[in-house]
Amino acid sequence: AQRVTQPEKLLSVFKGAPVELKCNYSYSGSPELFWYVQYSRQRLQLLLRHISRESIKGFTADLNKGETSFHLKKPFAQEEDSAMYYCALRKTQGGSEKLVFGKGTKLTVNP
Amino acid sequence: GAGVSQSPSNKVTEKGKDVELRCDPISGHTALYWYRQSLGQGLEFLIYFQGNSAPDKSGLPSDRFSAERTGGSVSTLTIQRTQQEDSAVYLCASSLQAGANEQFFGPGTRLTVL
C-alpha cells in the first residue's frame, strides 16, 4: 500500500534562513507527488507538483526515486510562508484517483 | 461560484444522531472527493466520485458512512448514528476530470459529536 511520511510535525526557522520540509513515500509503482499548503484560516491549496518541475513562491521540490523522497525547499524563508504543509501521492496505475497525504508539517517562520 | 463550497461550516450534534454534509463542486468538474482531517491523523481519503458513480469508496471507515452524488454535481456525505470519534473536519475537493493534476478543496465542515 502507498504511504507518505512527513517526519517533522513542527518546523521553526528564522526569516531569511533556508528551509527544507521532508517527505518520503512508499509506493511500488511510479507515483505522482504533490505539495499542498494550508495558510491560517484558508482552504487547502496546491503548491506544486513534481511533473511540472516548477518553482512556486520560491519553493522547489525534486522527486528522488532512489531515496523515495520529495522534499520541499526554499533558500530564504519569509514570514508569510508560515503554514501547514502536506505532501501527497497519487497512484498512476490501478484507477484510483485519491490522494494519500502525509500528516503534515507546521512551518513557523520567525521574524 | 468561485470555488468548492460546503455546508454547513460547523455542525454540533449529539452522539447517536445522523448528520448530512453537503458539497457543491466547481461547475463542470466531473471528479469529486471526500477527505477527513482529524487531529493527529492528517488527511484521510473517504470516497471518490466520477460523475455519479463511486469507483473508490475504500476509505469509508464503517457502514455508518455513505455518500451520494446526483446530477454529476452536488454530493452529500451522510453519517448515521454518529460517534465521538467521528468528530473531524470533513473536506470536499473537485477536479476537472479524473486524473487531473489539481484537486480544488472546499473550506470544510467541522463536525463535533458530543
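For clarity, every value in this text was computed on a predicted model and none was experimentally measured. (Residues numbered from 1 in each chain as written. Chains lettered and ligands numbered in written order. Predicted model: local features only at pLDDT ≥ 70, side-chain atom pairs only at ≥ 80, totals over all residues. Heavy atoms only, no water.)

*Asks:* Hey, could you run me through the overall build of chain B in this one?
*Replies:* Check the secondary structure of chain B and you find zero helices and 11 strands. Of the regular secondary structure in chain B, the N- to C-terminal order runs β-β-β-β-β-β-β-β-β-β-β. Here the C-alpha atoms of chain B give a radius of gyration of 13 Å, agreeing with the 13 Å that 2.2 N^0.38 yields for 114 residues. Each principal axis of the C-alpha distribution contributes one length, and for chain B these read about 35 × 25 × 25 Å. A burial count over chain B gives 46% of its 114 residues as buried. Across chain B, the fraction of contacts at a sequence separation of at least 24, relative to all contacts at a separation of at least 6, is 54%. Taken as a whole, chain B presents about 5,300 Å² of accessible surface, with 45% of it coming from carbon and sulfur. Put simply, chain B has 10 plus and 11 minus side-chain charges, and the middle of one group is 4 Å from the middle of the other. (Helix = DSSP H or I, 4+ residues; strand = E, 2+ residues; numbered from the N terminus. Rg over C-alpha atoms; globule rule 2.2 N^0.38 Å. Buried < 20%, exposed > 50% of the residue type's maximum accessible area, 1.4 Å probe, protein only. Contact = heavy atoms within 4.5 Å. Areas by Shrake-Rupley, 256 points an atom, 1.4 Å probe, with all protein chains shown as cover. Lys, Arg positive; Asp, Glu negative; His and termini not counted. Charge placed at Lys NZ, Arg CZ, Asp CG, Glu CD.)

*Asks:* Teacher, can you tell me more about the side chain of Gln6(B) here?
*Replies:* All names here are of chain B. The residue Gln-6 is located in strand S1 (residues 5-7) in this model. Of the polar contacts made by the side chain of Gln-6, one reaches the backbone oxygen of Tyr-90; its length is 2.9 Å. From its side chain, Gln-6 meets the backbone nitrogen of Cys-92 in a polar contact 3.0 Å long. (Polar contact = N/O pair within 3.5 Å; in protein donor to acceptor, adjacent residues only side chain to side chain.)

*Asks:* Just checking my understanding: could you explain the interface of chain A and chain B for this structure?
*Replies:* By convention, interface size is frequently given as the accessible area that disappears when the constituent parts associate. Facing the 19 residues of chain A at the interface are 22 residues of chain B. Around 1,700 Å² of area is buried between chain A and chain B when both sides are counted, 50% of it from carbon and sulfur atoms. Summed over the three residues of chain A that lose the most area to chain B, namely Arg43(A), Glu97(A) and Lys98(A), the buried surface amounts to 32% of that side. Along the contact surface separating chain A from chain B lie one salt bridge. Residue Arg49(A) pairs with Glu102(B) through a salt bridge whose shortest N-O separation is 3.8 Å. Along the contact surface separating chain A from chain B lie six residue pairs in polar contact (both at pLDDT 80 or more). Listing elements by their share of the side of chain A that touches chain B, those giving two or more residues are strand S5 (32-38), strand S6 (45-49), strand S9 (83-90) and strand S10 (99-101) of chain A. By residue number, the principal contributor to the side of chain A that touches chain B is S5(A), which donates four residues. (Buried area = accessible area lost by both parts, 1.4 Å probe. Salt bridge = Lys/Arg side-chain N within 4 Å of Asp/Glu carboxyl O.)

*Asks:* I'm lost on the packing of aromatic side chains in this one. Help?
*Replies:* Given two aromatic rings, one states the distance between the centres and the angle between the planes to describe the pair. Residue and element names in this part refer to chain A. If you walk through the whole model with that rule in mind, you get 11 aromatic pairs over all chains. On the numbers, 5.8 Å between centres and 65° between planes, the contact of Tyr-36 with Phe-101 is edge-to-face. You can see Tyr-36 sitting in strand S5 and its partner Phe-101 sitting in strand S10, a full 65 residues away along the chain. Looking at Tyr-36, the relative accessible area reads 0%, which means it is buried. (Phe/Tyr/Trp six-rings, centres within 6.5 Å; stacked < 30°, edge-to-face > 60°.)

*Asks:* How should the nonpolar core be read in this particular structure?
*Replies:* In globular proteins that are soluble, nonpolar side chains generally tend to be buried together. Residues and elements named next belong to chain A. Core analysis: the biggest nonpolar cluster contains 26 residues, and Trp-35, Leu-72 and Tyr-85 have the highest contact counts within it. Top contributing element to this core by residue count: S9, with four residues. In contact with Leu-72, other than residues within four places in its own chain, are Val-19, Glu-20, Leu-21, Trp-35, Leu-47, Leu-48, Phe-59, Thr-60, Ala-61 and Tyr-85. (Core = buried A, V, L, I, M, F, W, Y, C linked by side-chain atoms within 4.5 Å.)

*Asks:* How should I be thinking about the environment of Thr108(A) in this particular structure?
*Replies:* Residues and elements named next belong to chain A. As for its position among the elements, Thr-108 is in strand S11 (residues 105-110). Its relative accessible area of 30% is what places Thr-108 among the partly exposed residues. A sequence separation of 91 residues divides Thr-108 from Ala-17, and the C-alpha atoms of the two residues are 12 Å apart. Once residues within four sequence positions are removed from consideration, Thr-108 is found in contact with Leu-11, Ser-12, Val-13 and Ser-82.

Honestly, that's just the spatial picture; any functional story needs more than this.
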